[in-house]
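Each chain, letter by letter, is given below.
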Amino acid sequence: MYNLHRLGWNSFQQLCLTITREVLGQTVQSFLDSNDAGRDGAFSGIWKPLSGENLSGKFVIQCKFSGKANYNLVKSDIADEIPKVRKLVADGLCDVYVLMTNAGVSAKQDASIQYELISAGVKYVLIYGTTWIEDQIKENTRLRMLVPRVYGLGDLSQILDERAYAQARAILESLREDLAKVVITESYRKAVNALNEHGFVLLIGEPAAGKTTIASMLAMAAADKWKSSVLKLDDPGKVVEHWNVDEPTQFFWIDDAFGVTHYESPLVDGWNHSLAQIRTMLRRGVKIVMTSRDYIYNRARNDLKESAFPLLSESQVVIDVHDLTSLERQQILYNHLKLGKQPLDFISSIKPYLDSISAHPRFIPEIARRIADPIFTKDLYLREYQIGQFVEKREQLLLEVIQSLDANSKAALGLIYMRKGHLESPVELQSFEAQALERLGSTLGECITALSALNGSLVTQLHIDDQAVWGFKHPTIGDAYATTLAFSTDLLGIFLSGSSTENLMSQVTCGNVGIEKAVVVPKSLFPTMIARLRDFSESDKYKVQWLSSWGAKRSLYRFLANRSSKEFLTLYIEQDQEILKLISEPGLSLSYSPEVDLIVRLNEIAILPEENRRKFVETVRKYAIAGDDVFALDDADVRGIFTGNEFDDLVEEVRTNLIPNLDNVRRNTEKNHDSSAPPDEHMQDLLDRFSTLKKKFTDDKNVVSIIDRQLDLVTDWIAKTEIPEPKLSPRTLGAVNFNEENHSLRSIFDDIDDGSEE
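Because the structure is predicted, anything quoted here is derived from the model rather than measured. (Residues numbered from 1 in each chain as written. Predicted model: local features only at pLDDT ≥ 70, side-chain atom pairs only at ≥ 80, totals over all residues. Heavy atoms only, no water.)

Let us look at the packing of aromatic side chains. Considering all chains together, one arrives at 12 aromatic pairs under this definition. Plain terms: the ring middles of Phe 526 and Phe 568 are 5.1 Å apart, the flat faces sit at 80° to each other, and that makes the pair edge-to-face. Residue Phe 526 is located in helix α28 (residues 526-535), and its partner Phe 568 is located in helix α30 (residues 566-575); the two are separated by 42 residues in the primary sequence. Given the relative accessible area of 0%, Phe 568 is considered buried. One aromatic cluster is present, built from ring pairs that chain together Phe 526, Phe 559, Phe 568 and Tyr 572. Positioned above the aromatic ring of Trp 253, the side-chain terminus of Lys 232 is 4.4 Å from the ring centre. The side chain of Arg 532 reaches across the aromatic face of Phe 432, ending 4.5 Å from its centre. (Phe/Tyr/Trp six-rings, centres within 6.5 Å; stacked < 30°, edge-to-face > 60°. Helix = DSSP H or I, 4+ residues; strand = E, 2+ residues; numbered from the N terminus. Buried < 20%, exposed > 50% of the residue type's maximum accessible area, 1.4 Å probe, protein only. Lys NZ or Arg CZ within 6 Å of the ring centre and 35° of its normal.)

Structure, rendered in structure tokens:
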């Protein structure tokens, strides 16, 4: 059932010691090779392996690993151990000898080996072969969680029960190859603890730090242990849309939650709008895992409502590749090479350098994947200096690999990039894309052939939101492709003409505005971008016509506010004066309004006409006095649009007109409650407004007293109206203990080039 021969000697030994702890219930001591004297592990005490059977005394554990598939243990395999056993017995250290092996053990060999060991003085012998070990893995979900590599070494349809397999298959089968290579790290242990405690975890780290790997391990464990339905989404705002209130075991996985290679503000807006429902979902048993690159999350934090969702801070697990232990680095490199595509002669040639590779300051898990794939190493000269440069200059060498590809492969990568890393399969070209492919010297048929050839190395096929898609094997490949665009104005021009406008607006900046990893459109291509933007009137994200038009405007405003230089904005507004009128009168929910973002930006760079400034000030003043939206009182950027006198007048009008009317504002909000909506969700916006007012008038005790009274009344109303939460038994994965550090003088890489007989 499991290809245990692919584990390697060190991982197999750790598996055996984990089984001893988890299945046999014993605390095991492990030993250095130089001092083990025939013991990989040992414990003392009483153990009842079978009903009516009592074993006691000093237990010795010995692990025998074979890198050959379908190998059967023979007596000669333990010949070297017999003298060691005699000495252990003489020293009073071995009453019971436990032999664990991934080899098969026949009844005849079992009897023969037991006879040899008992003749050496052992009182009792237990021999556990591959069948017994596989049975323990099959029957123990927690054991599988502690050794998640086994998910990738066996048939998932046999490992999981039928329901869990059906629900996890679409997502996790595509990750099976990667699961076979995972290594338990401290970050994984922290993530398990956060998921146990909060039901939510946010994994943050630099590119290629292993965020997706940890998320996939958690998803696999949830599908296995809790029979969870696993949904992988590309937008945190879609979580509520896919929530099934009658299925409390749902597990949501949002990879690159706030942007794949750079920050995308619409994703944060979607998350913020869903916060109240998210809190309800977590209370009802849903589990959520999100990942984000560190630099993207740092930008997103400015827009995230962390105060409304404290778990964003409490459940963060920051993954720092520099915190990987030496053993973890070695095991990551071992697993990728052992299970990769490299021929044995390459592995044998690079074997002397593996310790230095894993110890290199710039080593990351992505380096291990590249070394294990011939597409990255075809020109690598296997000498210490060149290998060191391979690790040191990882970004430059990836760029060289992409630049060396044939035209069809480059076009295939370009097609994925034009779709923001998610090319739906089967592939159907949009109008602009066919022309772009032609200019890139390729066709759809040639691209599809290239995608198949690149699958597993530079690209991969995934299932996201129940849809098969082609994506980059790792986001760093998308980063490198974006860099090739920056090298060539002609290539960038093809990209601008071939991509959908909506995708362009989240991938490029017009002028350099400091957004990391974004493609910078130079001044010479500003006219092309302005033409695309002015023709953009409908968003593909919405099927309803009015929503499509509304979504297009929001995307345009965001792009102009956040991704456009002063020079570009000046040129754009010269050609579209109507936009000034539209943004001067924004709607409610000012904190989410891209109109507000754009008018703030125009004011900051001094190109906002005075007429439009005054109109905007009057609009937000009316909202504040009526109590409909008090964002202007709290936001420094919006306040900057007011003159000093205008803002002082606003504060006094709110004090005089709104504060005495708060009771009516609260009652009207209560009356508008839809019984199908949770009361706390319905009142959240009002609570936010009251909190803003309290913060603004914190020095006025009378005003604070009025607001506190209203806050108490809102809390009472929620308590009276709230529907009782269903009682759910807690779901936890349980603690994940530290792996044993490498207590061996034997190198992990010792058997890496041993050929396997499949």
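With that settled, consider the pattern of salt bridges. Summed over the entire model, instances satisfying the criterion amount to 38 salt bridges. Between Glu 610 and Arg 613 there is a salt bridge whose closest N-O contact spans 2.9 Å. Taken as a pair, Glu 610 and Arg 613 lie in helix α33 (residues 610-626) at a separation of 3 residues, close to a single helical turn. For Arg 667, the salt bridge goes to Asp 663, with nearest N and O atoms at 2.7 Å. In this pair, Arg 667 and Asp 663 are both assigned in helix α36 (residues 662-671), 4 residues apart and thus about one turn of the helix distant. Since its relative accessible area comes to 43%, Arg 667 is described here as partly exposed. Given the relative accessible area of 25%, Asp 663 is considered partly exposed. (Salt bridge = Lys/Arg side-chain N within 4 Å of Asp/Glu carboxyl O.)

This paragraph deals with the sheet that holds strand β6 (residues 200-205). The pairing of strands in a sheet comes from backbone hydrogen bonds and takes either a parallel or an antiparallel form. Spatially, the 5 strands line up as an open sheet ordered β7-β8-β9-β6-β10, and their pairing is parallel. The strands lining the two open edges of the sheet, one partner per strand, are β7 (230-233) and β10 (316-319). In this sheet, adjacent strand axes meet at a mean angle of 15° when their direction is disregarded. Judged from the 6 bridges that link them, β6 and strand β9 (residues 287-293) form a sheet pairing that is parallel. When the bridges of β9 are listed, Val 201 appears paired with Val 289. (Pairing = 2+ DSSP bridges. Axes fitted to C-alpha atoms, helices over the stretch in contact; angles between N-to-C directions.)

Further remarks concern helix α20 (residues 384-392). When we look at burial in α20, the residues that qualify are Ile 387, Phe 390 and Val 391. Around the axis of α20, the buried residues are gathered within 95° of arc, so they sit on the same side. Buried residues in α20 make contact with α16 (344-350), α17 (354-359), α18 (365-371), α19 (374-377) and α21 (394-403). (Arc of directions from axis to C-beta. Contact = heavy atoms within 4.5 Å.)

Attention now goes to the sheet that holds strand β11 (residues 423-424). Pairing within the open sheet is antiparallel, and its 3 strands lie in the order β11-β13-β12. Every other strand in the sheet has two partners, leaving β11 and β12 (459-464) as the edge strands with one partner each. With 6 bridges connecting them, β12 and strand β13 (residues 467-472) associate as antiparallel partners. The residue of β13 that forms the bridge with Val 459 is Phe 472. Sitting on the sheet, helix α22 (residues 407-418) is in contact with β11, β12 and β13, with an inclination near 115° to β13.

A few words on unusual backbone geometry. The amide bond that connects Ser 425 to the next residue, Pro 426, takes the cis arrangement and shows omega of 0°. Counting through the fold element by element, Pro 426 comes out in the loop between β11 and α23 (431-439). Despite not being glycine, Ala 606 shows a phi value in the positive range, around 65°. Inspection of the secondary structure assignment puts Ala 606 in the loop between α32 (594-604) and α33.

Mapped onto the elements of the fold, Arg 601 is located in helix α32. A sequence separation of 481 residues divides Arg 601 from Ala 120, and the C-alpha atoms of the two residues are 84 Å apart. Ignoring anything within four residues of it in the chain, the contact list for Arg 601 reads Val 513, Leu 560, Ala 561, Ser 564, Ser 565, Lys 566 and Leu 569. Reaching out from Arg 601, the side chain makes a polar contact with the backbone oxygen of Ser 564 at a distance of 2.7 Å. (Polar contact = N/O pair within 3.5 Å; in protein donor to acceptor, adjacent residues only side chain to side chain.)

All right, on to the side chain of Arg 554 then. By the secondary structure assignment, Arg 554 is in helix α29 (residues 545-562). Non-local contacts of Arg 554, meaning those with residues more than four positions away in its chain, are made with Asp 269, Tyr 592 and Pro 594.

Next up on the list: the packing of helix α1 (residues 9-22) against helix α15 (residues 326-338). Packing of α1 against α15 brings their axes to within 10 Å, and their N-to-C directions diverge by 115°. Contact residues: α1 offers Trp 9, Asn 10 and Ser 11, while α15 offers Leu 327, Gln 331, Tyr 334 and Asn 335. Residue composition of the contact of α1 with α15, grouped by class: 3 nonpolar, 4 polar and no charged. (Nonpolar A, V, L, I, M, F, W, Y, C, P; charged D, E, K, R; others polar.)

Where like charges cluster on the molecular surface, the negative patch consists of Asp 303, Asp 597, Glu 604 and Asp 637. Within the element layout of this structure, Glu 604 appears in helix α32. (Patch = residues over 30% accessible without salt bridge, like charges linked within 9 Å, V, L, I, M, F, W, Y side chains within 5 Å. Areas by Shrake-Rupley, 256 points an atom, 1.4 Å probe, with all protein chains shown as cover. Lys, Arg positive; Asp, Glu negative; His and termini not counted. Charge placed at Lys NZ, Arg CZ, Asp CG, Glu CD.)

Leu 337, Ile 350, Ile 357, Met 529, Leu 560, Phe 568 and Leu 693 are the most contacted members of the largest nonpolar core, which has 127 residues in total. Ranked by residues supplied to this core, first place goes to α22 with 7 residues. By size, the runner-up hydrophobic cluster in this structure holds 61 residues, among which are Leu 24, Met 100, Leu 153 and Ile 184. (Core = buried A, V, L, I, M, F, W, Y, C linked by side-chain atoms within 4.5 Å.)

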